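Read off the chains here:
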Amino acid sequence: MKTTGVTRRLWSPALAPVSALYGRALEARARLYGSGRLASARAVCPVVSVGNLTFGGTGKTPFVEFLARRFRFEGKRPAILSRGYRRRSTGVVVVSRGDGPLVGPEEGGDEPVAMARKLPGVPVVAAERRAEGARVAIDLGADLLLLDDGYQHLALARDVNLLLLDAADPFGGGRLPPAGRLREPLSALARADAIVFTRVNRADPPPEARATIERWNPGVPVFTARMRSAGLWDESGSPVAVSRLAARRFVAVCGIANAAGFAASLAELELRPEELFDFPDHHRYGRRDLERIQGAADRTGSAWILTTEKDAVKLEGKTLLPVVTLRLEVEVAEPGFFPLLFARISGEPGASRKASRR
């Protein structure tokens, strides 16, 4: 399999001062919010935030979908608030009222549109200012808000602050921009009400990561989650048998932060693309990109394009070949996870420390 990607920036000691300044600025901002000198708006219903410390790659979107389904099952009316990263619109956009996408990825963002396609009964709202989006979501009937990628969005208060860490690389190499993938200094671990190591089916959380968590947030509940394939789906939303795809040649395309995770998911299904295109996260596919993908398909005799859910909403209808989507599902191993969440959103004192640590 040939992989076509982009050149990644390598670490250079010359970047260390810039990274240090960046980290101090973020710590100062967090202190201002923590002290109340910068105000966090409070929604009139509970808010559960899902976020991470690295730029992408921890499975936030599948995890938010997992929470939305469970809360719906428990009788809640959740709505999802997202920034809608790299959308061309501004302000508040209602991506879905719970009955499918009302806008495309250019206006609503790729991840919000992908979630809207899969979550009937769950409103999805994109807004840079999540407090404004919260008011709209509540007007749509929500009694619980799921803040997608919200760990750094301190302007909206939350009742539960969930932090996801990739078990294989919890801290993104430990370097801040522009040298690395760490979005905040490790001191930000202290804000978490619970921490979830994701993708534990592919790697064990390193002991040093657990020690770092204990240093910054003693006693915080720590959980683990598996992420695995939920199957393949065509453009009409119908399932596609893995054997059907494996029997013919195909090319794979992704524009996500963790292309290695996508490749690993394909390998677990014993799917071997003729070529894997690795574009930057949230990539907008232009004419030249589509020509490159089609050229690879023609050259290798491929009859399918296999991609991720957030890429599918940008590729479907633009390619000559049928687009097949790989879906992922989440499973949290420990039984105490949802009791912790429900205790927190009900305001039970001390609930953030009640789950047993792992």
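Small disclaimer: the values here were computed from a predicted structure and weren't measured.

1. Re the overall build of the chain
Helix and strand counts for the chain come out as 11 helices and 14 strands. Radius of gyration (C-alpha) of the chain: 20 Å, near the 21 Å computed for a compact globule of 358 residues. Relative to its full complement of 358 residues, the chain shows a buried share of 54%. For the chain, contacts bridging at least 24 residues in sequence account for 76% of all contacts bridging at least 6. Total accessible area on the chain stands at roughly 15900 Å², and carbon and sulfur atoms take up 51% of it. Averaging the coordinates of the 53 positive side-chain charges in the chain and doing the same for the 40 negative ones gives two points 4 Å apart.

2. Looking at the nonpolar core
Within the largest apolar cluster, 38 residues are counted, with the highest numbers of intra-cluster contacts made by Phe63, Leu67, Ile80, Leu146, Leu162 and Phe337. Among the elements that line this core, the one with the most residues is helix H2 (residues 60-73), at 6 residues. Excluding anything up to four places from it in sequence, Leu67 contacts Val48, Val50, Leu146, Leu162, Phe337, Phe338 and Leu341. Counting 18 residues, the second-largest nonpolar core is a separate cluster that includes Ala167, Phe197, Val200 and Val220.

3. Regarding the environment of Asn258
Here Asn258 is to be found in the loop between strand E11 (250-254) and helix H8 (259-268). Once the C-alpha coordinates of Asn258 and Thr308 are considered, the two residues, 50 residues apart in sequence, prove to be 11 Å apart. In this view, Asn258 contacts Gly57, Asp166 and Arg199; residues no more than four positions away in its chain are not counted.

4. Regarding the packing of H2 against helix H11 (residues 337-345)
When two helices pack together, their arrangement is given by the angle between their axes and by how far apart the axes lie. One can describe the packing of H2 onto H11 by two numbers: an axis separation of 13 Å at closest approach and a directional angle of 70°. In terms of orientation, H2 lies roughly perpendicular with respect to H11. Side by side, H2 and H11 meet where Phe63, Phe66, Leu67, Arg70 and Phe71 of the first sit next to Phe337, Phe338, Leu341, Phe342 and Ile345 of the second. Its residues placed into classes, the contact of H2 with H11 shows 9 nonpolar, no polar and 1 charged.

5. Notes on the packing of H2 against helix H4 (residues 110-118)
Two elements in contact, H2 and H4, have axes whose closest approach is 11 Å; the angle formed by their N-to-C orientations is 35°. In the crossing of H2 with H4, the sense of the turn from one axis to the other is right-handed. Contacts from Thr61, Val64, Glu65 and Arg69 of H2 reach H4 at Glu111, Met115 and Lys118. Broken down by class, the residue content of the contact of H2 with H4 amounts to 2 nonpolar, 1 polar and 4 charged.

6. Some points on the pairing of strand E6 (residues 144-148)
Taken across its 5 residues, E6 has 5 buried, putting it largely inside the fold. Residues of E6 alternate between two faces, with Leu144, Leu146 and Asp148 on one and Leu145 and Leu147 on the opposite face, all of them buried. The pairing of strand E3 (residues 78-82) with E6 spans 4 bridges and is classified as parallel. If you follow Ala79 over to E6, its bridge partner there is Leu145.

7. Regarding the pattern of salt bridges
In this structure the tally under the stated criterion is 25 salt bridges. Here Arg191 and Glu184 are joined by a salt bridge, their closest N and O atoms 2.8 Å apart. Of the residues examined, Glu184 reaches a relative accessible area of 4% and is grouped as buried. Close ionic contact of Glu275 with Arg299 constitutes a salt bridge, the shortest N to O distance being 3.0 Å. Of this pair, Glu275 sits in strand E12 (residues 275-278) while Arg299 sits in helix H9 (residues 287-300), placing them 24 residues apart in sequence. Within this structure, Glu65, Lys118, Glu309 and Arg327 form a network of salt bridges that share partners.

8. Quick look at H4
H4 sits mainly inside the fold: 8 of its 9 residues count as buried. Residues of H4 that are buried: Asp110, Glu111, Pro112, Val113, Ala114, Met115, Ala116 and Lys118.

Definitions and cut-offs
- Residues numbered from 1 in each chain as written.
- Predicted model: local features only at pLDDT ≥ 70, side-chain atom pairs only at ≥ 80, totals over all residues.
- Heavy atoms only, no water.
- Helix = DSSP H or I, 4+ residues; strand = E, 2+ residues; numbered from the N terminus.
- Rg over C-alpha atoms; globule rule 2.2 N^0.38 Å.
- Buried < 20%, exposed > 50% of the residue type's maximum accessible area, 1.4 Å probe, protein only.
- Contact = heavy atoms within 4.5 Å.
- Areas by Shrake-Rupley, 256 points an atom, 1.4 Å probe, with all protein chains shown as cover.
- Lys, Arg positive; Asp, Glu negative; His and termini not counted.
- Charge placed at Lys NZ, Arg CZ, Asp CG, Glu CD.
- Core = buried A, V, L, I, M, F, W, Y, C linked by side-chain atoms within 4.5 Å.
- Axes fitted to C-alpha atoms, helices over the stretch in contact; angles between N-to-C directions.
- Parallel < 35°, antiparallel > 145°, perpendicular 65-115°, else oblique.
- Nonpolar A, V, L, I, M, F, W, Y, C, P; charged D, E, K, R; others polar.
- Left-handed = near helix turned anticlockwise from the far one by under 90°.
- Pairing = 2+ DSSP bridges.
- Salt bridge = Lys/Arg side-chain N within 4 Å of Asp/Glu carboxyl O.

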